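The chain contents come next:
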Amino acid sequence: MREPIDQPQPDPVALLPDREADFAARLQDQSMRALWHVLADVMTENPVQPAVPHLWRWRDVAPLVNEAGDLVTAEEADRRALMLINPGLAHLPASTTATLFAGIQSVLPGEIAPAHRHTPSALRFVIAGEGAYTGVAGNEMRVSPGDLVLTPNWSWHDHGNDTSEPVVWLDCLDTPLVLMLNAVFYQRHEQVRHPVTTDAQMSWERWASGMRPVGQTHDAYGSPILSYPWAKARATLHALRDEPVSPYDGVILEYLNPADGGSVLPTSSAYLQLLRPGQRTWAHRHVSSAIYHVAEGRGSTTIDGQTYDWAEGDSFVVPGWSWHQHNAGSGEAVLFSYTDAATMRKLGLERTEERTDERTTGDSR
Ligand code: GTQ
């Protein structure tokens with residue numbers, strides 16, 4: 001209730017700051033804080049995004065990957081990976097976006113990256129090298145460029161190269177998210193290699209043929225298909241190239257977990273998309289953040305008004321809630337991407353905003 005108007009009134013402007021400052025100090029002594037002192041930092045109108053857009057060019061990265069090979073062995077390093085650190089998140093140990101991590105890992109001829117397991121989930125998109133293997137949960141998978149290989153949460157994995165050329169791949173993990181949740185566990189296996197127990201090639205027959213053994217179930221975290229070969233993914237993308245496309249993403253396909261129809265990993269989604277020659281997509285933005293890797297071709301992506309030109313082998317980051325639109329060059333372009341959309345959707349936090357006035361040139365059927 002207000003005081004009668006003839007009573008002496010305290011001057012709120014003159015008195016409040018000191019009182020509140022003193023009050024805030026006494027709250028702090030009790031490990032407390034007034035919500036209204038920090039409300040503007042807590043309830044922001046739109047997501048606050050410390051991550052920034054960034055592009056790593058293969059021509060800059062490749063020599064460093066080679067140099068790392070002279071510095072340490074895969075065994076000494078555990079994993080010889082060079083992390084792509086977001087300039088806006090450099091105070092954190094391993095963040096490419098707020099939730100995701102990407103790095104370039106190499107395994108040289110004769111090397112083995114020893115068996116271990118961890119609660120962050122991983123996937124790998126192979127950049128170079130033919131025939132080296134990654135062993136995941138007892139499955140030995142031989143990889144080729146463009147293959148996508150999964151390492152679900154807590155599965156034993158080792159990587160080895162018994163070929164005569166280095167293998168290089170993009171590691172994608174949800175480490176920043178799992179670190180933030182204080183849920184990281186890590187264990188070394190007692191042997192360098194986890195014993196090979198099953199044949200992963202059968203995962204296609206068991207899960208991706210349109211039929212499945214009666215009674216077959218899958219209760220691990222992530223897709224039962226541990227390897228999505230490039231030849232199959234690219235053939236699928238090309239077979240569907242005349243489908244109606246997303247005006248925001250061209251012909252875009254999500255790698256699928258056939259057991260539940262969802263994302264390949266519980267936290268993360270992976271996509272392959274084709275941009276037609278000269279295609280210019282419309283701009284959109286979403287809460288989920290994305291790491292892209294250029295599988296084929298050249299083009300550019302404009303992120304919050306700044307244009308990043310890319311070519312095969314480059315990687316770039318689209319932070320959450322940043323406007324972005326892609327432009328293919330004169331030829332076709334194929335982009336691989338890895339996002340936290342699966343996390344955002346499960347938590348009911350995914351939102352998208354789309355612009356319909358950005359269509360300028362090209363084929364965006
Ligand atoms: O290959 O297991 O880039 O454990 C970071 C952590 C790769 C891996 C990384 C890892 C791995």
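In case you missed it, the structure is sitting above this.
Residues numbered from 1 in each chain as written. Predicted model: local features only at pLDDT ≥ 70, side-chain atom pairs only at ≥ 80, totals over all residues. Heavy atoms only, no water.

Undergrad: Just checking my understanding: could you explain the side chain of Ser106 for this structure?
TA: With respect to the helices and strands, the residue Ser106 is situated in strand β3 (residues 101–107). The class of Ser106 is buried, set by a relative accessible area of 4%. Setting aside residues no more than four positions away along its own chain, Ser106 makes contact with Val65, Arg80, Glu111, Val167 and Val168. (Helix = DSSP H or I, 4+ residues; strand = E, 2+ residues; numbered from the N terminus. Buried < 20%, exposed > 50% of the residue type's maximum accessible area, 1.4 Å probe, protein only. Contact = heavy atoms within 4.5 Å.)

Undergrad: How should the sheet that holds strand β9 (residues 157–160) be read in this particular structure?
TA: Strand pairing within a sheet occurs via backbone hydrogen bonds; the two strands may be parallel or antiparallel. Spatially, β7-β6-β9-β4-β11 is the arrangement adopted by the five strands of the open sheet, whose pairing is antiparallel. Looking at the sheet topology across the chains shown, the edges are occupied by β7 (139–142) and β11 (186–188). Strand-to-strand twist in this sheet, taken as the mean axis angle between neighbours without regard to direction, amounts to 25°. Looking at chain direction, strand β4 (residues 112–118) and β9 are connected through three bridges and run antiparallel. In the strand pairing of β9, Ala113 is matched with His159. (Pairing = 2+ DSSP bridges. Axes fitted to C-alpha atoms, helices over the stretch in contact; angles between N-to-C directions.)

Undergrad: Please clarify how the site of the ligand should be interpreted in this entry.
TA: Taken together, Arg79, Ala81, Phe101, Gln105, His116, His118, Arg124, His157, His159, Asp171 and Leu173 make up all the residues around the ligand. One of the side-chain nitrogen or oxygen atoms of Arg79 is found 2.9 Å away from an oxygen atom of the ligand. Relative to its unbound accessible area of 290 Å², the ligand is 86% covered by the protein chains. Only β3, β4, β9 and β10 (167–173) provide two or more residues apiece to the shell around the ligand. Its residues assigned to classes, the shell around the ligand shows three nonpolar, five polar and three charged. (Near = heavy atom within 4 Å. Polar contact = N/O pair within 3.5 Å; in protein donor to acceptor, adjacent residues only side chain to side chain. Areas by Shrake-Rupley, 256 points an atom, 1.4 Å probe, with all protein chains shown as cover. Nonpolar A, V, L, I, M, F, W, Y, C, P; charged D, E, K, R; others polar.)

Undergrad: Any chance you could explain the pattern of salt bridges here in plain terms?
TA: Any two side chains of opposite charge can pair if their charged atoms end up close together. Going through the model one piece at a time under the given rule, you end up with 11 salt bridges. Of the charged contacts, one joins Asp171 and Arg124 as a salt bridge, the two residues approaching to 2.5 Å between their closest N and O atoms. Highlighted residues: Asp171 in strand β10 and Arg124 in strand β5 (residues 122–128), separated in sequence by 47 residues. Of the residues examined, Asp171 reaches a relative accessible area of 3% and is grouped as buried. The class of Arg124 is buried, set by a relative accessible area of 4%. Glu332 serves as the salt-bridge partner of Arg241, at 2.4 Å between the closest nitrogen and oxygen. With Arg241 in the loop between α7 (230–239) and β13 (251–254) and Glu332 in the loop between β20 (324–328) and β21 (333–339), this residue pair connects regions lying 91 residues apart in the sequence. Here the residues in one salt-bridge network are Glu140, Arg142, Asp158, Asp162 and Arg193, joined through shared partners. (Salt bridge = Lys/Arg side-chain N within 4 Å of Asp/Glu carboxyl O.)

Undergrad: Would you take a moment to explain the pairing of strand β6 (residues 133–136) for this structure?
TA: Residues Tyr133 and Gly135 point to one face of β6 and Thr134 and Val136 to the other, with burial holding for every one of them. As paired elements, β6 and β7 share four bridges and run antiparallel to each other. The residue bridging Tyr133 from the neighbouring strand is Arg142, located in β7. What sits between β6 and β7 in their antiparallel hairpin is a turn of two residues, with Ala137 showing a positive phi close to 50°.

Undergrad: Teacher, can you tell me more about the packing of aromatic side chains here?
TA: The relation between two aromatic rings is expressed through the spacing of the ring centres and the mutual angle of the planes. Per the stated rule, a full pass over the model turns up nine aromatic pairs. Judged by centre distance (6.2 Å) and plane angle (75°), the ring pair of Trp204 and Tyr228 falls under edge-to-face. Pair noted here: Trp204 is in helix α6 (residues 202–207) and Tyr228 is in strand β12 (residues 227–228), with a separation of 24 residues, a long-range link. Overall, Tyr228 belongs to the buried group, its relative accessible area being 6%. Each ring, one from Tyr292 and one from Phe316, has its centre 4.7 Å from the other, and the planes form 0°; the classification is stacked. Of this pair, Tyr292 sits in strand β16 (residues 290–296) while Phe316 sits in strand β19 (residues 315–318), and the two are 24 residues apart along the sequence. Like Phe316, Tyr292 is buried. An aromatic cluster is present here, built from Phe125, Trp204, Tyr228, Trp230, Tyr255 and Phe336 joined pairwise through their rings. Here the guanidinium or amino end of Lys232 rests over the ring plane of Trp204, the centre of that ring lying 4.5 Å away. Its guanidinium or amino end placed over the ring of Trp323, Arg355 lies 3.9 Å from that ring's centre, counting from NZ or CZ. (Phe/Tyr/Trp six-rings, centres within 6.5 Å; stacked < 30°, edge-to-face > 60°. Lys NZ or Arg CZ within 6 Å of the ring centre and 35° of its normal.)

Undergrad: Looking at this structure, how should I read the nonpolar core?
TA: Most often, soluble globular proteins have nonpolar side chains that are buried together. By size, the foremost hydrophobic cluster in this structure holds 45 residues, and its most contacted members are Leu123, Tyr255 and Phe336. Considering each element in turn, this core owes the most residues, five residues, to β10. Non-local contacts of Tyr255, meaning those with residues more than four positions away in its chain, are made with Phe125, Leu148, Tyr228, Ala233, Gly262, Val264, Ala270, Tyr271, Leu272 and Phe336. Within the second largest apolar cluster, 13 residues are counted, among which are Leu275, Tyr292, Tyr308 and Trp310. (Core = buried A, V, L, I, M, F, W, Y, C linked by side-chain atoms within 4.5 Å.)

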